[in-house]
Amino acid sequence: MKKIKVGIIGQGRSGRDIHRHLFECCPKLQELYEVVAVADPIPERVKAANPGAVPGCRTYADYRELLQDKNVELIINASRSHKHIDISIEAMHAGFDVVCEKPLTNSLSEFDRVIQEKERTGKFFAVFQQSRFRPLYRKIYDVILSGMLGEIAMIKIAYNGFGRRWDWQTIQDFNGGELMNTAPHPLDQMMDMWEIFGDHDPDRIWAKLGCIDNYGDADNFVKIVMEGAGHPVFDLEVAKQSLFPSAQYQVFGSLGSLIAGAGTVEWKYYRPGDVVDRKLEIDTLEDENRLPIFCMEKLPLYSEKWMAAEGVENMDDWGVKYYSDIYNAITSGTPLTVKLSQIRRQIAVISECRRQNPLPVKVKVPEGII
């Protein structure tokens, strides 16, 4: 089996602790990929940290030097968020296939620019969205698709918690903030589920972004509601002000509902054939003594529960599945699971959220910072 030779730009928490870790520590990916070069201006970070590292991996202080390494086939662009577009274009222009970390961009024109370069060069391009391969999410998707919950009224995802940040991902000029940093995970899943009900853009988007007691000037509160013809309401929260977070996933349907999180999916529902067929009553409801009664019934509910297998509710498992999908796409032309059209729709949502909520820029980043 041919191994794809990988060069990773950036050896921060993403490039080193996610991507390089996956390639060097996960046996399945060791069969498919080989990290032959990494680039980072901090010398301590380019040293191999994993026992599975291949000896002789070349290191570069400047990513531009890595882009001259013709032994590399696939570039993983794990630079800081504000450089994702420019460096991805540079890499494709230099003749490399590219997988870029999320967030790709907050601008549709920038997304279209990178796709134009992909088409001009004929190179492979994808965006790293490993949460699409989370087994818990896949189970939720399957339950919705099964029809057991009936007509879906709302799908809600809440990535809430409580805490403070003071790093570069709180700065707008770096494309920081929860909308760009955390929200792309649930937004990617939402764009996938959105297509169950019809493959067109949302008709209406309402969004609220807040920078609340934050060290930087980017958002740490995100609320998005999306609607479209034939679609349920899609509701997303990413808030750092919740010490009492609710369920991560909720689905509301005409026949039942679903709740999920922490490796468990539960859903309850009734079957229409098991209940009395009711007729609309215009007069007030009453008992046999003609006394008023409340309109209610006890439905025979079915209850089901799914629990993730040991070891799959972690990002390593999702990352292995993601990069297996990438390998098949590059070597065999298999269609990507995370389609670029879905990435574009996600960016359109992000762009509209920012348009509705322009936050004041309070932190200016010096020129030349990568």
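In the block above lies the structure referred to throughout.
None of these values were measured; they are calculated from a predicted model. Every chain is numbered independently, its residues counted from 1 as its sequence is written. In keeping with the model being predicted, local features are shown solely for residues with a pLDDT of at least 70 and side-chain atom pairs are shown and tallied solely at 80 or more, while totals for entire chains, interfaces and linings include all residues. Values shown for side chains rest on all heavy atoms present in the structure; no hydrogens or waters enter the calculation.

Comments concerning the nonpolar core
Taken as a class, soluble globular proteins show a tendency for nonpolar side chains to be buried jointly. Ranked by size, the top nonpolar core spans 56 residues in total, and within it Tyr-33, Val-99, Leu-104, Phe-125 and Tyr-323 carry the most contacts. Helix and strand labels come from DSSP, where a helix needs a run of H or I of at least four residues and a strand needs a run of E of at least two; each type is numbered from the N terminus. At seven residues, the largest contribution of residues to this core is made by helix α10 (residues 315-332). Tyr-33 has contacts with Lys-3, Ile-4, Val-6, Phe-23, Leu-74, Tyr-323, Ile-326 and Tyr-327, leaving out every residue within four places of it along the chain. Nine residue types can take part in a nonpolar core, namely buried Ala, Val, Leu, Ile, Met, Phe, Trp, Tyr and Cys, and a core is a set of them joined through side-chain atoms within 4.5 Å. Note on classification: 1.4 Å probe, protein chains only; a residue is buried when its accessible area is under 20% of the maximum for its type, exposed when over 50%, partly exposed between these limits. Judged by nonpolar contacts, the second largest core, of 37 residues, contains Leu-149, Met-180, Trp-267 and Ile-350. What makes two residues a contact is simply this: any of their non-hydrogen atoms within 4.5 Å.

Notes on the sheet that holds strand β6 (residues 125-128)
On the basis of which strands lie adjacent, the open sheet formed by six strands has the order β3-β2-β1-β4-β5-β6 and parallel pairing. Looking along the sheet, the strands with just one partner apiece sit at the ends: β3 (58-60) and β6. Each adjacent strand pair in this sheet contributes to an overall mean axis angle of 25°, direction not counted. By definition, two strands form a pair when at least two bridges between them are found by DSSP. Across six bridges, strand β1 (residues 4-9) lies against strand β2 (residues 33-39) in parallel orientation. Simply put, an axis is a line fit to the C-alpha atoms, just over the touching stretch for a helix, and the angle between two N-to-C directions goes from 0 to 180 degrees.

A look at the layout of surface pockets
Here the largest pocket is characterised by a volume of approximately 850 Å³. A cavity here means a set of points on a 1 Å grid, drawn over the protein atoms and nothing else, where a 1.4 Å probe fits but cannot get out; a pocket is an open set with protein on both sides within 12 Å along at least five of seven lines, and a residue lines either one if it has an atom within 4 Å of a point. Lining the largest pocket are 38 residues; nearest its centre among them are Gly-12, Arg-13, Ser-14, Ala-78 and Trp-168. Listing elements by their share of the lining of the largest pocket, those giving two or more residues are α1 (15-25), α4 (63-66) and α10. Residue composition of the lining of the largest pocket, grouped by class: 15 nonpolar, 13 polar and ten charged. Grid points are joined across faces, edges and corners, and a volume is the space filled by probe spheres set on the points. Under the grouping applied here, Gly and all other residues not named as nonpolar or charged are polar, the nonpolar ones being Ala, Val, Leu, Ile, Met, Phe, Trp, Tyr, Cys and Pro and the charged ones Asp, Glu, Lys and Arg.

Section: the sheet that holds strand β10 (residues 233-239)
In spatial order, the strands read β8-β9-β10-β7-β11-β12-β13-β14; together these eight strands make up an open sheet with mixed pairing. Two strands close off the open sheet at either side, each with one partner strand: β8 (204-210) and β14 (302-307). Taking each pair of neighbouring strands and ignoring which way they run, the sheet shows an average axis angle of 10°. As paired elements, strand β9 (residues 221-227) and β10 share six bridges and run antiparallel to each other. Looking at β10, one finds that Ile-224 is bridged to Leu-236. Packing against the sheet, helix α7 (residues 135-146) makes contact with β7 (152-158), β11 (249-253), β12 (256-261), β13 (264-269) and β14, and its axis sits at approximately 15° to β13.

Some remarks on a nonpolar patch on the surface
Patch members must show over 30% relative accessible area and no salt bridge, and they are joined within 9 Å when carrying like charges or within 5 Å when they are nonpolar side chains of Val, Leu, Ile, Met, Phe, Trp or Tyr. Where accessible areas are quoted, they stem from the Shrake-Rupley method and a 1.4 Å probe; at the residue level, only the protein chains shown are allowed to cover. Definition used for salt bridges: Asp or Glu carboxyl oxygen within 4 Å of a side-chain nitrogen of Lys or Arg. Together, Phe-162, Leu-243 and Phe-244 make up a nonpolar patch on the protein surface, roughly 430 Å² of accessible area in all. Relative to the elements of secondary structure, Phe-244 occurs in the loop between β10 and β11. By relative accessible area, which is 77% here, Phe-244 ends up exposed.

Points about the environment of Ser-257
Structurally, Ser-257 can be placed in strand β12. Sequence separation between Ser-257 and Ile-144 is 113 residues; the distance between their C-alpha atoms is 9.7 Å.

Quick word on the packing of helix α5 (residues 84-93) against helix α6 (residues 108-121)
The packing of two helices is summarised by the inter-axis angle and the distance between the axes. Taken N-terminus to C-terminus, the directions of α5 and α6 make an angle of 5°; their axes are 9 Å apart at the nearest point. As far as their axial angle goes, α6 and α5 are roughly parallel. Mapping the contact onto sequence places Ile-85, Asp-86, Ser-88, Ile-89, Met-92 and His-93 in α5 and Glu-110, Phe-111, Arg-113, Val-114, Glu-117, Lys-118, Arg-120 and Thr-121 in α6. The class makeup of the residues in the contact of α5 with α6 is five nonpolar, three polar and six charged. The scheme is simple: roughly parallel for angles under 35 degrees, roughly antiparallel for over 145, roughly perpendicular for 65 to 115, oblique for anything else.

Description of empty space enclosed by the protein
Scanning all chains against the criterion turns up one cavity of 30 Å³ or more. Reported here for the largest cavity is a volume of approximately 50 Å³. Lining the largest cavity we find Lys-102, Pro-103, Leu-104, Thr-105, Val-127, Gln-129, Ile-343, Gln-346, Ile-347 and Ile-350. Looking at the lining of the largest cavity element by element, the count peaks at four residues for helix α11 (residues 340-356).

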